[in-house]
There are 2 protein chains.
Amino acid sequence: MEAEIIAVGTELLLGDILNTNARFLSRELAGLGISVHFQTVVGDNPGRLESVVQMARARSDLLVFSGGLGPTKDDLTKETVARAFGDPLRLDAEELEKIRAFFTAAGRTMPENNRKQAMTPVYGRKIPNENGTAPGMIFEDRLSPGKYAVLLPGPPKELQPMFLNGVKPWLAAMSDSVLHSLTLRVTGIGESHLESKVGPLLQNANPTAAVYAKTSEVILRITAKAEDEAAAERMCQEYAQHFYKALGDCVYAVDKDSLEQVVVETLAAHGLTVATAESCTGGLLSQRITSVPGASEVFAYGACTYANGIKQKMLGVKAETLAQYGAVSPETAAEMARGVRAAAGADFGVGITGIAGPGGGTPEKPVGLVYAAACSGDITYVQRLVVPGRTREVVRISATQRALEMVRRLALKLPQPGCAAFAAEQPAHMPAEQAPAHNG
Amino acid sequence: MEAEIIAVGTELLLGDILNTNARFLSRELAGLGISVHFQTVVGDNPGRLESVVQMARARSDLLVFSGGLGPTKDDLTKETVARAFGDPLRLDAEELEKIRAFFTAAGRTMPENNRKQAMTPVYGRKIPNENGTAPGMIFEDRLSPGKYAVLLPGPPKELQPMFLNGVKPWLAAMSDSVLHSLTLRVTGIGESHLESKVGPLLQNANPTAAVYAKTSEVILRITAKAEDEAAAERMCQEYAQHFYKALGDCVYAVDKDSLEQVVVETLAAHGLTVATAESCTGGLLSQRITSVPGASEVFAYGACTYANGIKQKMLGVKAETLAQYGAVSPETAAEMARGVRAAAGADFGVGITGIAGPGGGTPEKPVGLVYAAACSGDITYVQRLVVPGRTREVVRISATQRALEMVRRLALKLPQPGCAAFAAEQPAHMPAEQAPAHNG
């Protein structure tokens, strides 16, 4: 099956937004064994949209559209495809009711132009939208049966779940071989180092394995093609063993969304709780942890303390520690972790202090220097992290990633590579020149 | 001049990489007053590439290509365009020497297939590449003079400087008008409500005005075309007056990146500080504020308090308040705001409590219900917010957006629409059935 992807929206042609939908859809279609031959972006212009639809219909079997399903007169995708594919639209009472209810729940009256979103094809079928008012739809060409158009809304938060739940199973059922993928998440090892360890494993034909680098972690995707789902899954599982062997406990998750998800689930499974004290990360750590549904079971308290006075008052960091070693020091990080743990009565405490930039750096303590501490009952681990030449955002993501990984390792009683360990009441003294540094 | 952008590369069709070049080029061309009507991605396939080149040549005056200039047999952009535009290629001795020198400097010998990169057009001209071996080039169509093709290498680090230094000045010299844009950010009013207020303003030919909806805010972009930059800017400023008049203080910024940036800058300009206490938003508010460089001047303390015991201990929320009204109530939100303000000695305090979901909702207090409180010296404002049927993330973004807007209004002494006001020690009693609700 030959496919193409068509994004409709003038904001893409102005360069206001990146076409992330095209990438998402390309990857998903490739995963289904469907070849994508073209991606096109066209604006909210009737004549040009029409010409793109006619050209795509002539050269491809499957047209996947994103955008142009909104309530305004500029939103033309549905009307244009319906005409080209010879399928009339009608008002769908059930869909209209859903849209009306959506507005009512929000304490508002549905504007009249939203009626347009309740028009659905007579022969094709609609796909429910769990995250917005515009339903998606699938048209089969009435003039050239076997050719399909799939229409999805533009916002990625609506498009992605709709594709995964409402379109992917239908496409998979049309194909004669199935693909299965397994996603390993790896942290604590950089992309090039990882490739040097597992390089030959990335050259395989089936299963394939691909590496995607993200900030502070690497994603490994293993994909197998087989006659049925069970066989493809088994091939993935077997191939994954090679990666577990090469990478050990740096593989922190299989088929999970994020490190924070793994941390919350691991803490919950062991009945453990954590409290966090943050300076340079400004609440990003508590925000990442609490973004996971159910985090309230494991997250006791998060303090975001910038000023020294607040560090003393809220966390019990000693004035002498701040005076002698400074706010950005292993000693302060350790006292923050111990202080917030005591204040909240949690099992684990985390302290992060550093210089996220762009200002505030010195030759001894440059922008990108961070100390992360994590303590359990009788021991405090401190890690020195250097994220050179990066943006404020990357420093913050990297620092919270390392802290989360330290908590995961505490909960699973794994070693803490790159960390110095201190007993409960021992000052966390770690001269910079001797301290191991983990590179962002 | 009507343009289109064509990216050549199978890796884009597989979804391995994002097409950031299309966005960069679209933005740059829009800034030059050149309309981009299409973006296309095609793979390294001779037939399909040829068909795309012929189609683009028929419908546009300027074709801007990225990618396909490498040394391998798969790299076909130059050969295909040269044939379509009737301009033969020849070996360019100077370019060959440069490529050879590039390899020598790297301590390597030039592979023979790199000779291909030294082929340049006989009638068109090459553009030097300061960051790689492939020169760019500009072809003029020998059969349809006045139509141009610009060929750029795929890697953004080569493409961007080559476009800015070697292509942009040439395009600017051909154009007789310039564009200027102004971006207004609007919060506290939904997209469809906004369109009902300013609809006719969006129909103008020059300046144009376009609306982009984001979570909890709307972006308005005004773009004017004029003979010079100063005139275009003046037209934008004048046109913006209509929007200020229609939307009042809901327009919170002009040419700024975010509400948090405006809040931090406004607080800093007035020498004010803020402290935050969060429950359902889990630190997202402190994270948004502290993501702005310089936030340490205005951000005193952020507490992320989930458990009732921690709300009492850290913020001084009364046990009776929690027992009588519950953790998700206007009374608790107000006490959180007052408590964190007192603890930090800040000018303003913010309290957010609510049900972000997916679990935890009841018929009386459904998922998506949030109370946001903001207090200054003698007064506490509380807002009831309902974000129905949305994800945890959208609830959290909407709630923090409302809270930031309340802080902005406190700092500027603006009215607080949709809020109930309570005196310093008065309980914030606001029965749900009477409370105004702002829709996320």
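What counts as what
- Residues numbered from 1 in each chain as written.
- Chains lettered and ligands numbered in written order.
- Predicted model: local features only at pLDDT ≥ 70, side-chain atom pairs only at ≥ 80, totals over all residues.
- Heavy atoms only, no water.
- Helix = DSSP H or I, 4+ residues; strand = E, 2+ residues; numbered from the N terminus.
- Buried < 20%, exposed > 50% of the residue type's maximum accessible area, 1.4 Å probe, protein only.
- Contact = heavy atoms within 4.5 Å.
- Areas by Shrake-Rupley, 256 points an atom, 1.4 Å probe, with all protein chains shown as cover.
- Lys, Arg positive; Asp, Glu negative; His and termini not counted.
- Charge placed at Lys NZ, Arg CZ, Asp CG, Glu CD.
- Pairing = 2+ DSSP bridges.
- Axes fitted to C-alpha atoms, helices over the stretch in contact; angles between N-to-C directions.
- Polar contact = N/O pair within 3.5 Å; in protein donor to acceptor, adjacent residues only side chain to side chain.
- Phe/Tyr/Trp six-rings, centres within 6.5 Å; stacked < 30°, edge-to-face > 60°.
- Lys NZ or Arg CZ within 6 Å of the ring centre and 35° of its normal.
- Parallel < 35°, antiparallel > 145°, perpendicular 65-115°, else oblique.
- Left-handed = near helix turned anticlockwise from the far one by under 90°.
- Nonpolar A, V, L, I, M, F, W, Y, C, P; charged D, E, K, R; others polar.
- Buried area = accessible area lost by both parts, 1.4 Å probe.
- Salt bridge = Lys/Arg side-chain N within 4 Å of Asp/Glu carboxyl O.
- pLDDT = per-residue confidence, 0-100.
- Bend = angle between axes of the 7 residues up to and from the residue.

1. Quick word on the overall build of chain A
Alright, step 1. Per the secondary structure count, chain A includes 14 helices and 19 strands.
Alright, step 2. Each principal axis of the C-alpha distribution contributes one length, and for chain A these read about 80 × 55 × 40 Å.
Alright, step 3. Across the 440 residues of chain A, 56% fall into the buried class.
Alright, step 4. A fraction of 68% describes how many contacts in chain A between residues 6 or more apart in sequence connect residues 24 or more apart.
Alright, step 5. Surface summary for chain A: the accessible area is close to 17,400 Å², and the carbon and sulfur share equals 52%.
Alright, step 6. Both charge centroids of chain A, one from 43 positive and one from 47 negative side chains, sit 3 Å from each other.

2. A closer look at the sheet that holds strand E12 (residues 251-254) of chain B
All names here are of chain B.
Alright, step 1. Read across the open sheet, the four strands follow the order E10-E11-E9-E12; overall the sheet is antiparallel. The sheet is open, and its two borders are formed by strand E10 (208-214) and E12, each paired with just one other strand. When the angles between neighbouring strand axes are averaged without regard to direction, this sheet yields 25 degrees.
Alright, step 2. Of the strand pairs in this sheet, strand E9 (residues 178-186) and strand E11 (residues 217-226) are connected by nine bridges, and their pairing is antiparallel. Paired with Val-178 across the two strands is Ala-226, which belongs to E11.

3. A short note on the sheet that holds strand E1 (residues 2-8) of chain B
Strands belonging to one sheet form pairs held by backbone hydrogen bonds; the direction of such a pair is parallel or antiparallel.
Alright, step 1. Pairing is mixed in the open sheet, where 12 strands are placed in the order E6(A)-E7(A)-E8(A)-E3(A)-E1(A)-E2(A)-E2(B)-E1(B)-E3(B)-E8(B)-E7(B)-E6(B). The strands lining the two open edges of the sheet, one partner per strand, are strand E6 (125-127) of chain A together with strand E6 (125-127) of chain B. Strand-to-strand twist of the sheet, defined as the mean angle between neighbouring strand axes without regard to direction, takes the value 15 degrees.
Alright, step 2. Sheet topology places strand E3 (residues 62-66) of chain B next to strand E8 (residues 148-152) of chain B; five bridges connect them, and they run parallel. Across the sheet, the residue bridging to Phe-65 of chain B is Leu-151 of chain B, located in E8 of chain B.

4. Topic: the side chain of Ser-329 of chain A
All names here are of chain A.
Alright, step 1. Inspection of the secondary structure assignment puts Ser-329 in the loop between helix H12 (319-325) and helix H13 (330-344).
Alright, step 2. With a relative accessible area of 2%, Ser-329 lands in the buried category.
Alright, step 3. Within the structure, Ser-329 has its side chain in polar contact with the side chain of Thr-332 (distance 3.0 Å).
Alright, step 4. Excluding its chain neighbours within four sequence positions, the residues that come into contact with Ser-329 are Thr-353, Lys-365 and Tyr-371.

5. Some points on the packing of aromatic side chains
Alright, step 1. This structure, assessed with the given rule, holds 10 aromatic pairs over all chains.
Alright, step 2. A ring pair is formed by Phe-102 of chain B and Phe-103 of chain B, whose centres lie 6.4 Å apart and whose planes are at 70 degrees; its orientation type is edge-to-face.
Alright, step 3. Owing to a relative accessible area of 42%, Phe-102 of chain B belongs among the partly exposed residues under this scheme.
Alright, step 4. For Phe-103 of chain B, a relative accessible area of 7% gives the class buried.
Alright, step 5. On the basis of an interplanar angle of 70 degrees and a centroid distance of 6.0 Å, the ring pair of Tyr-239 of chain B and Phe-243 of chain B is categorised as edge-to-face. Of this pair, Tyr-239 of chain B and Phe-243 of chain B both sit in helix H8 (residues 229-247), four residues apart, which is roughly one turn of that helix. The two residues Tyr-239 of chain B and Phe-243 of chain B agree in class, both being buried.
Alright, step 6. In this arrangement the basic side chain of Arg-59 of chain A is found over the ring face of Phe-38 of chain A, its NZ or CZ atom lying 3.6 Å from the centre.
Alright, step 7. Across from the ring centre of Tyr-123 of chain A, 3.4 Å away, lies the NZ or CZ of Arg-142 of chain A, which sits over that ring.

6. Brief notes about the packing of helix H9 (residues 259-270) of chain B against helix H14 (residues 392-411) of chain B
Residues and elements named next belong to chain B.
Alright, step 1. Contact pair H9 / H14: the axes reach a minimum separation of 10 Å and the direction vectors enclose 25 degrees. Compared by their axis directions, H9 and H14 come out roughly parallel. In this structure, H9 crosses over H14, and the sense of that crossing is left-handed. Where H9 abuts H14, its residues Leu-259, Glu-260, Val-262, Val-263, Thr-266, Leu-267 and His-270 lie against Gln-401, Leu-404, Glu-405, Val-407, Arg-408 and Ala-411.
Alright, step 2. For the contact of H9 with H14, the class distribution of residues is seven nonpolar, three polar and three charged.

7. Observations regarding the environment of Ser-177 of chain B
Residue and element names in this part refer to chain B.
Alright, step 1. As for its position among the elements, Ser-177 is in the loop between helix H6 (156-174) and E9.
Alright, step 2. According to the relative accessible area criterion, Ser-177 is buried, its value standing at 16%.
Alright, step 3. Separated by 208 residues in sequence, Ser-177 and Leu-385 have C-alpha atoms that sit 46 Å apart.
Alright, step 4. Sequence-distant contacts of Ser-177, that is, excluding residues within four places in its chain, are made with Leu-32, Lys-225 and Ala-226.

8. Comments concerning the interface of chain A and chain B
Alright, step 1. The partner chain B presents 69 residues to the 66 residues of chain A that form the contact.
Alright, step 2. In total, about 5,300 Å² of surface goes out of reach between chain A and chain B, with carbon and sulfur atoms giving 55% of it.
Alright, step 3. Between Asp-16 of chain A and Arg-221 of chain B there is a salt bridge whose closest N-O contact spans 2.7 Å.
Alright, step 4. At the junction of chain A and chain B, the tally comes to 36 residue pairs in polar contact (both at pLDDT 80 or more).
Alright, step 5. Split by residue class, the side of chain A that touches chain B holds 34 nonpolar, 20 polar and 12 charged.
Alright, step 6. Sheet analysis places strand E14 (residues 299-305) of chain A next to strand E14 (residues 299-305) of chain B, joined by five bridges and oriented antiparallel. Bridge pairing in E14 of chain B links Thr-305 of chain A to Tyr-301 of chain B.

9. Quick look at the confidence of the model for chain A
Alright, step 1. Per-residue confidence for chain A gives a mean pLDDT of 91; residues scoring 70 or more make up 97%.
Alright, step 2. Our summary of model confidence lists the complex with pTM equal to 0.74 and ipTM equal to 0.72.

10. Description of helix H6 (residues 156-174) of chain A
Alright, step 1. The largest bend along H6 of chain A measures about 45 degrees and falls at Val-167 of chain A, with the proline Pro-169 of chain A one to four residues further on.
Alright, step 2. The set of residues buried in H6 of chain A consists of Glu-158, Leu-159, Met-162, Phe-163, Gly-166, Val-167, Trp-170 and Leu-171 of chain A.

11. Let's talk about the pattern of salt bridges
Think of it this way: side chains of opposite charge can pair up when their charged atoms draw near.
All names here are of chain A.
Alright, step 1. Considering all chains together, one arrives at 33 salt bridges over all chains under this definition.
Alright, step 2. One salt bridge connects Arg-185 with Glu-217, and the closest N-O pair in it is separated by 2.8 Å. With Arg-185 in strand E9 (residues 178-186) and Glu-217 in strand E11 (residues 217-226), this pair connects stretches of sequence that are 32 residues apart.
Alright, step 3. Judged by its relative accessible area of 8%, Arg-185 falls in the buried class.
Alright, step 4. When its relative accessible area of 8% is taken as the criterion, Glu-217 is described as buried.
Alright, step 5. Each of Asp-92, Glu-94, Glu-95 and Lys-126 takes part in salt bridges that share partners, so that together they form one network.

12. Considerations on unusual backbone geometry
Residues apart from glycine generally show negative phi values, whereas peptide bonds are mostly found in trans.
Alright, step 1. A cis geometry characterises the amide bond from Gly-357 of chain A onward to Pro-358 of chain A, with omega recorded as 0 degrees.
Alright, step 2. Structurally, Pro-358 of chain A is set in the loop between strand E15 (348-354) and strand E16 (369-375).
Alright, step 3. Each neighbour pair has its own omega, and for Asn-206 of chain B with Pro-207 of chain B the value is 0 degrees, a cis peptide bond.
Alright, step 4. Within the secondary structure layout, Pro-207 of chain B lies in the loop between helix H7 (191-198) and E10.
Alright, step 5. Positive phi is not limited to glycine here, since Asp-255 of chain A has a value of about 55 degrees.

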